[in-house]
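Here's the letter readout for the chains.
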Amino acid sequence: MSGPDPLDPATLEQAGTGALAAFAAARSLPELAVTRTEHLGDRSPVALARRAIAGLPGPQKAEAGKRVHALAQSSQAAYEARKVELERQRDERVLAEEAVDVTVLPERPDGARHPLTTISERVADVFVAMGWELAEGPEVEHEWFNFDALNFGGDHPAREMQDTLFVEPAGSGLVLRTHTSPVQVRSMLDRELPVHVVCPGRVYRADALDATHSPVFAQVEGLCVDEGITMAHLRGTLDHLATAVFGEGLRTRIRPNYFPFTEPSAELDLQCFACRGASAGSGAEPCRVCASEGWIEWGGCGMVHPAVLVACGIDPERYSGFAFGMGLERTLMFRHGIESIRDFYEGDSRFTLSLRSEA
Ligand code: PHE
């Protein structure tokens, strides 16, 4: 026989010591697996010894068998013990590394209140500070409040002018309110005179969404009805609102217009807050905000039409009133140089955050 005898007791002993040392030295489960093949696998000293037993004469078999078996057992036990130890270490590490601290607050971007909410409240506050009341009405409104009581005739072209969204079934008499003016009617019917109400709310028109139009947008309406109310009160109130929203010293301007529910009716312009009118006229520095007009269209206003007062049970001989209404998106677009009305409806928190200071 050539080579060392695999059954030689010294060889076996050495193999045993070697196996124990190697298992103890393995620092990870993959390393232990390699050591296992070396010391317990098919070509390990134990395996070679087992195979050699077959070639021994009968009487020596038992003796050699015992020795080999003892070697195999002690090596196997050392392997198992190290495996348990390394598994425990791995589990501890995984638990530590993959631990989840359920008390940590999630990282999420800051949010902010929607600028339309903030501007509505800010406008409402200006009026509440003067003793006015906040009034609301339904967004699904009866045509009578949206049109008839506001002096729109049955086949008045103004009904088309409003580009109304009608509520099914046809003839239900219901529309999505096209302006906040029906809240005027409800307020006059519901309240004692004098009436001073401010009504912010959502309104609807059959417009396609583009940079400056939206089928739903926000308006704020104001109504004052008392004895002796004149257009001077209207002007003073609008100037006060302009100053509160856009800053000290901004002037307003009214130009003749037509609304069925006011007489006289006027278009309300606001002096451009950016150039303060300085861009208008030849040779002046151009202004992007007002296209060098010096003025910005802000809303509509006028003296409440006597027919509207009558529809609401108010004596037009004794009482008079003024009303105004303006778009809130438009107001904010001017104020902050926002180019698309769509920004208001896309729910991007970066937009709401950028207008946070509006509060
Ligand atoms: N309701 C009008 C509109 O939506 C605005 C307005 C309100 C005009 C009050 C006059 C008085 O265009």
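Residues numbered from 1 in each chain as written. Predicted model: local features only at pLDDT ≥ 70, side-chain atom pairs only at ≥ 80, totals over all residues. Heavy atoms only, no water.

## With respect to the overall build of the protein
Point 1. Broken down by element type, the protein carries 12 helices and 10 strands.
Point 2. Relative to a compact globule of 359 residues, whose C-alpha radius of gyration would be 21 Å, the protein shows 44 Å and is clearly more extended.
Point 3. Taken along its principal axes, the extent of the C-alpha atoms in the protein is 135 × 55 × 35 Å.
Point 4. Counting only residues that meet the buried cut, the protein has 40% of its 359 residues in that class.
Point 5. The long-range fraction of contacts in the protein, counting pairs at least 24 apart against all pairs at least 6 apart in sequence, stands at 66%.
Point 6. When the accessible surface of the protein is summed, it comes to about 19,600 Å², and 53% of that surface belongs to carbon and sulfur atoms.
Point 7. Of the charged side chains in the protein, 34 are positive and 52 negative, and the gap between their average positions amounts to 12 Å. (Helix = DSSP H or I, 4+ residues; strand = E, 2+ residues; numbered from the N terminus. Rg over C-alpha atoms; globule rule 2.2 N^0.38 Å. Buried < 20%, exposed > 50% of the residue type's maximum accessible area, 1.4 Å probe, protein only. Contact = heavy atoms within 4.5 Å. Areas by Shrake-Rupley, 256 points an atom, 1.4 Å probe, with all protein chains shown as cover. Lys, Arg positive; Asp, Glu negative; His and termini not counted. Charge placed at Lys NZ, Arg CZ, Asp CG, Glu CD.)

## Focus on the nonpolar core
Point 1. By size, the foremost hydrophobic cluster in this structure holds 43 residues, and its most contacted members are Leu241 and Phe324.
Point 2. If you list the elements that add at least two residues to this core, you get helix H5 (115-128), strand E6 (216-226), helix H9 (231-246), strand E8 (262-271), strand E9 (295-304), strand E10 (320-327) and helix H11 (328-336).
Point 3. Beyond its immediate chain neighbours, meaning those up to four positions away, Leu241 contacts Val123, Val126, Phe127, Trp298, Phe324 and Met326.
Point 4. Residues Phe152, Val183, Ile314 and Ala323 belong to the second largest nonpolar core, which totals 22 residues. (Core = buried A, V, L, I, M, F, W, Y, C linked by side-chain atoms within 4.5 Å.)

## A few points about helix H3 (residues 45-53)
Point 1. Taken as a whole, H3 has its buried residues at Val46, Ala47, Ala49 and Ile53. Axial view of H3: buried residues confined to an arc of 160 degrees, hence all on one face.
Point 2. Summarising the contacts, the buried residues of H3 are in contact with helix H1 (9-25), helix H2 (29-40) and helix H4 (58-97). (Arc of directions from axis to C-beta.)

## Topic: unusual backbone geometry
Point 1. Here the amide bond leading from Glu168 into Pro169 is cis, since omega sits at -5 degrees, within 30 degrees of zero.
Point 2. At the junction of Glu263 and Pro264, the peptide bond is cis and its omega measures out at -5 degrees in the coordinates.
Point 3. Backbone geometry places Asn151, a non-glycine residue, at a positive phi of 75 degrees.
Point 4. Counting through the fold element by element, Asn151 comes out in the loop between helix H6 (143-146) and helix H7 (157-161).
Point 5. The exposure class of Asn151 is partly exposed, given its relative accessible area of 27%.
Point 6. In this structure, Ala291 takes a positive phi of about 50 degrees despite not being glycine.

## Focus: the pattern of salt bridges
Point 1. Enumeration according to the criterion identifies 17 salt bridges in this entry.
Point 2. Arg253 is the partner of Asp269 in a salt bridge, and the nearest nitrogen-oxygen pair spans 3.0 Å. One end of the pair, Asp269, is in strand E8; the other, Arg253, is in strand E7 (residues 252-259), and 16 residues separate them in sequence.
Point 3. The class for Asp269 is buried, based on a relative accessible area of 2%.
Point 4. With its nearest N and O atoms 2.6 Å apart, the salt bridge here joins Asp348 to Arg350.
Point 5. Given the relative accessible area of 28%, Asp348 is considered partly exposed.
Point 6. Through salt bridges that share partners, Arg253, Arg255, Asp269 and Glu297 make up one connected network. (Salt bridge = Lys/Arg side-chain N within 4 Å of Asp/Glu carboxyl O.)

## Comments concerning the side chain of Ser187
Point 1. Tracing the chain through its elements places Ser187 in helix H8 (residues 182-190).
Point 2. Judged by its relative accessible area of 3%, Ser187 falls in the buried class.

## Let's talk about the domain arrangement of the protein
Point 1. You can read the domains of the protein as domain 1 (9-97) and domain 2 (115-354).
Point 2. Between the C-alpha centres of domain 1 and domain 2 there is a distance of 90 Å. (Domains from an automatic or database assignment.)

## Remarks on the packing of aromatic side chains
Point 1. Summed over all chains, the structure comprises 12 aromatic pairs.
Point 2. Between Phe246 and Trp298, the aromatic rings sit 5.6 Å apart at their centres with planes inclined by 75 degrees, giving edge-to-face as the arrangement. With Phe246 in helix H9 and Trp298 in strand E9, this pair connects stretches of sequence that are 52 residues apart.
Point 3. Taking relative accessible area as the criterion, Phe246 reaches 6% and is therefore assigned buried.
Point 4. Judged by its relative accessible area of 3%, Trp298 falls in the buried class.
Point 5. Centre to centre, the rings of Phe344 and Tyr345 are 6.4 Å apart; their planes meet at 50 degrees, and the pair counts as tilted. (Phe/Tyr/Trp six-rings, centres within 6.5 Å; stacked < 30°, edge-to-face > 60°.)

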